[in-house]
Amino acid sequence: AVTRDLTGRSVLVTAGGTREPLDPVRFIGNRSSGKQGVALAMAAAARGAAVTLIAANLEVPLPSGVRCVQVGTTLELQTAVTAEAASADLVIMAAAVADYRPAETAQSKIKKRSDSSTLELRLEENPDILRGLSHDRPREQTIVGFAAETEQDDAALFELGRGKISRKGCDYLVINRVGWTEGFATDSNTVIVINGGGDRVGEASGSKLSVAHRILDLVFAARWHPFI
Ligand code: C5P
């Protein structure tokens, strides 16, 4: 049986991947399925937390027993996160968020051009939601970010994670190797968790649900464990 150690806690999870529209029928997106984020939401709910899931274009069904808010773009995700975060004890930003969006969205389908064999797209930077959230957070709130990276070398992956957590300012960063066949869309995952000081606090490997529970153990133990 799962311990109900998150009873009375409020947990906000983002999952999936944002899509940035180019025109009414096309978008720039990523291959995040939302499985790890959904597993985190389900694990937190099973442990007694009141969970809100902000779901961006999931490839898996929305979980039951969790309040879900569906979003499409990064700006929509930002609006939803901003509205929901204030009341959360724990925020887990598992969604893969587009760093850029098309500078213009065409109101009708972009036509194939006969005068050129190339087409240029101009992109504009999206706000860094995690960074803003971490900067403005209430003192008691724990914020966990994710870093999906393609580096093969463990040391390089870790260094990248350390740089990222210091830029973002969150409490923990879950470093997740992704690639053509790893991380996104698979049923299992391997992650390293580091803290704000850049120290490795633990790792997890296995089904996305078991990885979810381990992540909750790591970030929960530090903040709320009654015996430490
Ligand atoms: O910088 P990078 O995209 O690798 O950072 C990943 C983490 O930051 C994830 O937790 C993701 O949800 C979050 N993020 C964000 N806003 C962005 C880009 C990423 O909140 N514009």
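Here is what the cut-offs are and how they apply
Residues numbered from 1 in each chain as written. Predicted model: local features only at pLDDT ≥ 70, side-chain atom pairs only at ≥ 80, totals over all residues. Heavy atoms only, no water. Salt bridge = Lys/Arg side-chain N within 4 Å of Asp/Glu carboxyl O. Helix = DSSP H or I, 4+ residues; strand = E, 2+ residues; numbered from the N terminus. Buried < 20%, exposed > 50% of the residue type's maximum accessible area, 1.4 Å probe, protein only. Pairing = 2+ DSSP bridges. Near = heavy atom within 4 Å. Polar contact = N/O pair within 3.5 Å; in protein donor to acceptor, adjacent residues only side chain to side chain. 1 Å grid on protein atoms, 1.4 Å probe; cavity = no way out; pocket = protein on both sides within 12 Å on 5 of 7 lines; lining within 4 Å. Sits in = over half its atoms within 2 Å of the grid points. Nonpolar A, V, L, I, M, F, W, Y, C, P; charged D, E, K, R; others polar. Contact = heavy atoms within 4.5 Å. Expected span 1.5 Å × (residues − 1).

Quick question: what am I supposed to make of the pattern of salt bridges here?
Any two side chains of opposite charge can pair, on the condition that their charged atoms come close. Summed over the entire model, instances satisfying the criterion amount to 14 salt bridges. A salt bridge links arginine 26 to aspartate 23; the shortest N-O distance between them is 2.5 Å. Of the charged contacts, one joins glutamate 104 and arginine 122 as a salt bridge, the two residues approaching to 2.8 Å between their closest N and O atoms. Taken together, the residues span a long stretch of sequence, with glutamate 104 in the loop between strand 7 (100-102) and strand 8 (123-125) and arginine 122 in the loop between strand 7 and strand 8 at a distance of 18 residues. A relative accessible area of 52% places glutamate 104 in the exposed class. When its relative accessible area of 57% is taken as the criterion, arginine 122 is described as exposed.

Explain the pairing of strand 12 (residues 200-207) to me, please; I cannot follow it from the model alone.
Across a regular strand the side chains alternate sides, sitting on one face of the sheet and then on the other. In this structure, strand 11 (residues 188-195) lies alongside strand 12, joined through 7 bridges in antiparallel fashion. Directly across from serine 188, in strand 12, lies its bridge partner serine 207. In textbook terms, the turn of a hairpin is the stretch between consecutive antiparallel strands, and for strand 11 and strand 12 this stretch comprises 4 residues, one of which, glycine 198, has a positive phi near 85 degrees.

Which parts of the structure should I look at to understand the site of the ligand?
Residues in contact with the ligand amount to 13 residues; listed here are only the nearest, Met93, Ala95, Pro127, Leu130 and Lys164. One nitrogen or oxygen atom from the main chain of isoleucine 129 is found 3.0 Å from a nitrogen atom belonging to the ligand. Here the ligand is seated within the largest pocket. Those elements that provide at least two residues to the shell around the ligand are helix 3 (129-135), strand 9 (142-149) and helix 4 (154-168). Partitioning the shell around the ligand into residue classes produces 8 nonpolar, 1 polar and 4 charged.

Just checking my understanding: could you explain the side chain of aspartate 23 for this structure?
Considering the arrangement of structural elements, one finds aspartate 23 in strand 2 (residues 20-23). Of the residues examined, aspartate 23 reaches a relative accessible area of 2% and is grouped as buried. Within the local environment of aspartate 23, its side chain forms a polar contact with the backbone nitrogen of isoleucine 110, the two atoms lying 2.9 Å apart. The residues touching aspartate 23, leaving out its near neighbours within four places in the chain, are Thr105, Ala106, Ser108, Lys109 and Ile110.

Would you mind going over helix 1 (residues 35-46) with me for this structure?
One turn of an α-helix holds 3.6 residues; hence residues three or four places apart share an orientation. A rise of 1.5 Å per residue sets the reference length of helix 1, with its 12 residues, at 16 Å; its end C-alpha atoms lie 16 Å apart and thus fit the reference within 8%. If you check which residues of helix 1 are buried, you get Gln36, Gly37, Val38, Ala39, Leu40, Ala41, Ala43 and Ala44. Of the residues one or two after helix 1, glycine 48 is the one with positive phi, at around 100 degrees.

Would you mind showing me how to read the pairing of strand 6 (residues 90-93) here?
Going residue by residue along strand 6, you find Leu90 and Ile92 tucked away on one face and Val91 and Met93 tucked away on the opposite face as well. As defined by bridge partners, strand 1 (residues 10-16) adjoins strand 6 across 4 bridges and the pair is classed as parallel. Paired with leucine 12 across the two strands is valine 91, which belongs to strand 6. Judged from the 4 bridges that link them, strand 6 and strand 9 form a sheet pairing that is parallel. Considered in strand 9, the bridge of leucine 90 is made with threonine 142.

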